[in-house]
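Fold and contact review
What follows is the residue order along each chain.
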Amino acid sequence: MGFRCGIVGLPNVGKSTLFNALTETAAAQAANYPFCTIEPNVGQVDVPDPRLAEIARIAGSARIVPTQLAFVDIAGLVRGASKGEGLGNQFLANIREVDAIIHVLRCFEDPDITHVEGRVDPVADAETVMTELMLADLESLERRVPTLAKKAQGGDKEAKSAAAILGQALDLLRQGRPARLAAPRDADEARHLAQAQLLTAKPVLYVCNVEEAAAATGNAHARAVEAMAAAEGAGAVIVSAAIEAEIAAMPEAERADYLAALGLAETGLARIIRAGYALLDLVTFFTAGPKEARAWTVRRGSTAPQAAGVIHSDFERAFIRAETVAYADYVALGGEARAREAGRLRAEGKAYVVQDGDIMHFLHGA
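These numbers come from a predicted model, not from an experiment. (Residues numbered from 1 in each chain as written. Predicted model: local features only at pLDDT ≥ 70, side-chain atom pairs only at ≥ 80, totals over all residues. Heavy atoms only, no water.)

1. What to know about the overall build of the chain
Check the secondary structure of the chain and you find 14 helices and 12 strands. When burial is assessed residue by residue, the chain has 49% of its 366 residues classed as buried. Taking contacts inside the chain between residues at least 6 apart in sequence as the whole, the part at least 24 apart equals 69%. (Helix = DSSP H or I, 4+ residues; strand = E, 2+ residues; numbered from the N terminus. Buried < 20%, exposed > 50% of the residue type's maximum accessible area, 1.4 Å probe, protein only. Contact = heavy atoms within 4.5 Å.)

2. Section: the packing of aromatic side chains
For the structure on display, the rule yields three aromatic pairs. When the ring of F285 is compared with that of W296, the centres are 6.4 Å apart and the planes differ by 15°; the resulting orientation is stacked. Note that F285 is positioned in strand β8 (residues 282-288) and W296 in strand β9 (residues 292-299), a separation of 11 residues in sequence. Each member of the pair, F285 as well as W296, carries the same accessibility label: buried. Linked through ring pairs, F285, W296, F319 and F362 together constitute an aromatic cluster. (Phe/Tyr/Trp six-rings, centres within 6.5 Å; stacked < 30°, edge-to-face > 60°.)

3. Remarks on the pairing of strand β4 (residues 68-73)
With five of six residues buried, β4 is to be regarded as a mostly interior element. Where strand β2 (residues 41-46) meets β4, six bridges bridge the pair, whose relative direction is antiparallel. The residue of β4 that forms the bridge with N41 is D73. (Pairing = 2+ DSSP bridges.)

4. Focus on helix α1 (residues 15-23)
Burial runs high along α1: eight of the nine residues are buried. Listed as buried for α1 are K15, S16, L18, F19, N20, A21, L22 and T23. Once α1 finishes, E24 follows within two positions and takes phi at roughly 55°, a positive value.

5. Here's the deal with the sheet that holds strand β1 (residues 4-8)
Sheet strands pair via backbone hydrogen bonds, and the direction of the pair is either parallel or antiparallel. Spatially, the six strands line up as an open sheet ordered β2-β4-β1-β5-β6-β7, and their pairing is mixed. With partners counted over all chains shown, the strands left at the sheet margins are β2 and β7 (235-239), one partner each. Recorded for the sheet is a direction-independent mean angle of 25° between the axes of neighbouring strands. Running at roughly 175° to strand β6 (residues 204-209), helix α7 (residues 220-232) makes contact with β5 (100-106), β6 and β7 of the sheet. (Axes fitted to C-alpha atoms, helices over the stretch in contact; angles between N-to-C directions.)

6. Things to note about α7
Over its 13 residues, α7 extends 19 Å from the first C-alpha to the last, a length consistent with the 18 Å expected when each residue adds 1.5 Å. Those residues of α7 that sit buried are A222, V225, M228 and A229. The buried side chains of α7 occupy one side of the element, clustering within an arc of 120° when seen end-on. Seen from the buried face of α7, the exposed residues on the opposite side, beyond 90 degrees, are A220, A230 and A231. Buried residues along α7 sit in contact with β5, α4 (122-153), β6 and β7. Put simply, N219 is the residue that caps the front of α7, since its side-chain oxygen is 3.1 Å from the backbone nitrogen of H221. Positive phi shows up at G233, right after α7, with a value of about 75°. (Expected span 1.5 Å × (residues − 1). Arc of directions from axis to C-beta. Polar contact = N/O pair within 3.5 Å; in protein donor to acceptor, adjacent residues only side chain to side chain.)

7. Focus: the environment of D121
Relative to the helices and strands, D121 resides in the loop between β5 and α4. Judged by its relative accessible area of 34%, D121 falls in the partly exposed class. Spatially, the C-alpha atom of D121 lies 8.7 Å from that of L105, the residues being 16 residues apart in sequence.

8. Concerning the environment of D46
Looking at the secondary structure, you find D46 in strand β2. Separated by 21 residues in sequence, D46 and T67 have C-alpha atoms that sit 5.9 Å apart.

9. Looking at empty space enclosed by the protein
Under the definition given, this model contains three cavities of 30 Å³ or more. Forming the boundary of the largest cavity are E323, V325, E336, L345, I359, M360 and H361. Those elements giving two or more residues to the lining of the largest cavity turn out to be β10 (319-325) and β12 (359-364). For the lining of the largest cavity, the element with the highest residue contribution is β12, accounting for three residues. (1 Å grid on protein atoms, 1.4 Å probe; cavity = no way out; pocket = protein on both sides within 12 Å on 5 of 7 lines; lining within 4 Å. Points joined across faces, edges and corners; volume = space filled by probe spheres on them.)

10. Points about the pattern of salt bridges
Here the structure, examined in full by the defined rule, presents 21 salt bridges. A salt bridge links D125 to R119; the nearest nitrogen and oxygen atoms lie 2.6 Å apart. For R119, a relative accessible area of 25% gives the class partly exposed. Among the ionic pairs, D329 bridges to R344, the shortest N-O distance being 3.2 Å. With D329 in helix α13 (residues 327-333) and R344 in the loop between α14 (336-341) and β11 (346-348), this pair connects stretches of sequence that are 15 residues apart. For D329, a relative accessible area of 18% puts it in the buried group. Three or more residues joined by partner-sharing salt bridges are found here, namely D49, R51 and D356. (Salt bridge = Lys/Arg side-chain N within 4 Å of Asp/Glu carboxyl O.)

Here's what the structure looks like:
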């Protein structure tokens with residue numbers, strides 16, 4: 001099961017520099033001109049989780065395997081993208097393929113780095129991108145909703161459900177509000193909204209790319225973005241892409257001292273990865289044994305068979321039960337055997353909903 005976060009923004013805001021730092025590669029070309037990124041670059045990134053090392057220590061695991069997120073560096077958008085300007089059609093198609101949007105905003109002043117619209121105003125930049133996404137969604141729904149409404153009037157139950165939720169999304173867009181604010185009344189409406197692949201229905205995290213001096217405290221531009229994000233119910237993270245690029249190129253042993261000298265407790269990238277994880281409403285469960293301790297990702301609300309299916313599809317099909325212990329009990333009692341002796345290891349069936357931090361062992365007939 002792969003989860004993809006698309007890194008978007010106007011040209012020359014630091015998207016590719018940030019992507020390269022995230023993946024610790026030079027996969028994304030970074031240069032001072034628009035449309036430097038044309039084909040999207042994709043990188044798999046480990047999700048930092050200190051629980052995994054502790055589980056491995058207790059289990060005596062020979063290796064540690066973190067869970068991962070995919071980050072996609074998407075070409076810069078310009079005004080008019082919804083009508084095909086710049087690389088607009090390709091940009092919009094690439095966004096449809098991701099699960100969440102990481103929107104990088106330029107929050108630094110630098111006369112040597114051009115801005116596509118000749119000024120530094122991250123809130124206006126965010127509005128430019130959101131407007132283009134809204135226009136694309138409007139065009140799509142204004143074609144689809146009337147057709148669905150006609151089918152609904154003819155007694156088509158599926159069309160009635162789809163028309164209700166997509167009509168609500170269309171009303172929001174006409175008010176200048178994103179489709180993610182639509183509220184499905186039941187599972188069917190939620191399914192229709194997801195199947196519509198609306199660009200503005202995707203969750204958004206704003207990344208404020210600041211200068212080095214503002215990495216720890218932010219600046220006026222970043223505070224304006226944070227206020228905008230709070231009003232939208234979105235998230236915001238402050239980073240300096242330039243600093244993150246330097247850290248990514250350093251030996252691991254030198255990074256902590258460098259961060260401390262800058263007044264930072266951790267990298268901005270770690271915050272982005274965790275925020276992206278939360279944005280997608282994911283939880284982590286673990287498997288542990290002598291060979292390896294491994295973290296796995298499922299959406300919140302997933303059942304034990306669905307979690308087993310992440311490991312292997314046959315495990316979900318032939319699921320019998322799961323043996324489960326909470327992370328806090330696993331650590332406090334010193335592992336699976338003692339948790340079992342203390343009655344803290346539970347046998348759970350098909351209806352069990354996986355909790356974040358569960359250490360699980362699946363029994364199956366595959």
